Amino acid sequence: MVASSYFLLTVLLALASSQAIASDPSPLQDFCVADKYSPVKVNGFACKDPMAVNADDFFMAAKLDEPRNTMHSKVGSNVTLINVMQLPGLNTLGISIARIDYAPLGENPPHTHPRATEILTVLEGTLYVGFVTSNPNNTLFTKVLNKGDVFVFPQGLIHFQFNPVHDKPAVALAALSSQNPGAITIANAVFGSKPPISDDVLAKAFQVEKGTIDWLQAQFWENNHY
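Residues numbered from 1 in each chain as written. Predicted model: local features only at pLDDT ≥ 70, side-chain atom pairs only at ≥ 80, totals over all residues. Heavy atoms only, no water.

S.K.: Help me out: how do you make sense of the packing of helix H3 (residues 199–206) against helix H4 (residues 210–217) in this one?
M.R.: When two helices pack together, you describe them by how their axes are tilted relative to each other and by the distance separating the axes. With their axes 9 Å apart at the nearest point, H3 and H4 run at an angle of 115 degrees to one another. With respect to each other, H3 and H4 are oriented roughly perpendicular. Where H3 crosses over H4, the two elements pack in a sense that is right-handed. Listed contacts from H4 to Asp199, Asp200, Leu202, Ala203 and Phe206 of H3 are Lys210, Ile213, Asp214 and Gln217. (Axes fitted to C-alpha atoms, helices over the stretch in contact; angles between N-to-C directions. Helix = DSSP H or I, 4+ residues; strand = E, 2+ residues; numbered from the N terminus. Parallel < 35°, antiparallel > 145°, perpendicular 65-115°, else oblique. Left-handed = near helix turned anticlockwise from the far one by under 90°. Contact = heavy atoms within 4.5 Å.)

In structure tokens form, the structure reads like this:
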């Protein structure tokens, strides 16, 4: 009787675990090229018919070796992200890549990637980078990176990169552990939401006058992802 009860408990735990896991731990086929036109709604994209797949589904002439324009960015950076939206072959593979160009004194402002860890490599120049841990400690970890240096930003944590050099640009390459990592730029989300968050809410949250919040909300919070 004890053995039977133990077996039943094991089966129930296994079933509960299988319901809790939203996806398989590894791919069940060679690839699942995104079919962006499929009416099927899944967490990601449905698979394109494998017989219709060709090499172009895994290729994009991104020219990530070419400098990007940072002159039109108020924050002085330009993020060129290659994810599943541009490269269908990335679907289900859990990876994407980005080139980030920084003007002198330019920055990629504090932001998070809700679905990915990021590993950053400096290709040219110098960057001051960092991330902040979650509540309650909110510890700041920072480092100055030079050409060839690597730094990791854990998934979901607020992080930034800043070019401290006033007369030279910088370039970095980032790899992210998601086909669609997402980006939430903190200032844009808080002060540039549509419709705007109530200034009563933000004034209380930031412990400032409502006039300060109104001024911040009136600014143009641009997206530096092009």
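S.K.: In this structure, what is going on with the pairing of strand S5 (residues 127–132)? I would like to understand it.
M.R.: Side-chain positions along a regular strand alternate between the two faces of the sheet. The pairing of S5 with strand S6 (residues 140–145) spans six bridges and is classified as antiparallel. Residue pairing across strands places Val129 opposite Lys143, the latter belonging to S6. As judged from the five bridges shared by S5 and strand S8 (residues 158–162), these two strands associate in the antiparallel manner. Bridge pairing in S8 links Tyr128 to Phe162. (Pairing = 2+ DSSP bridges.)

S.K.: Looking at this structure, I do not really get the layout of surface pockets. What am I missing?
M.R.: Rolled over the atoms, a probe sized like a water molecule indicates the empty space that remains. Here the second largest pocket defines a volume of roughly 230 Å³. Along the walls of the second largest pocket sit 17 residues, with Val75, Pro109, Ala187, Asn188 and Trp221 positioned nearest its centre. (1 Å grid on protein atoms, 1.4 Å probe; cavity = no way out; pocket = protein on both sides within 12 Å on 5 of 7 lines; lining within 4 Å. Points joined across faces, edges and corners; volume = space filled by probe spheres on them.)

By themselves, these observations are geometric and do not establish any function.
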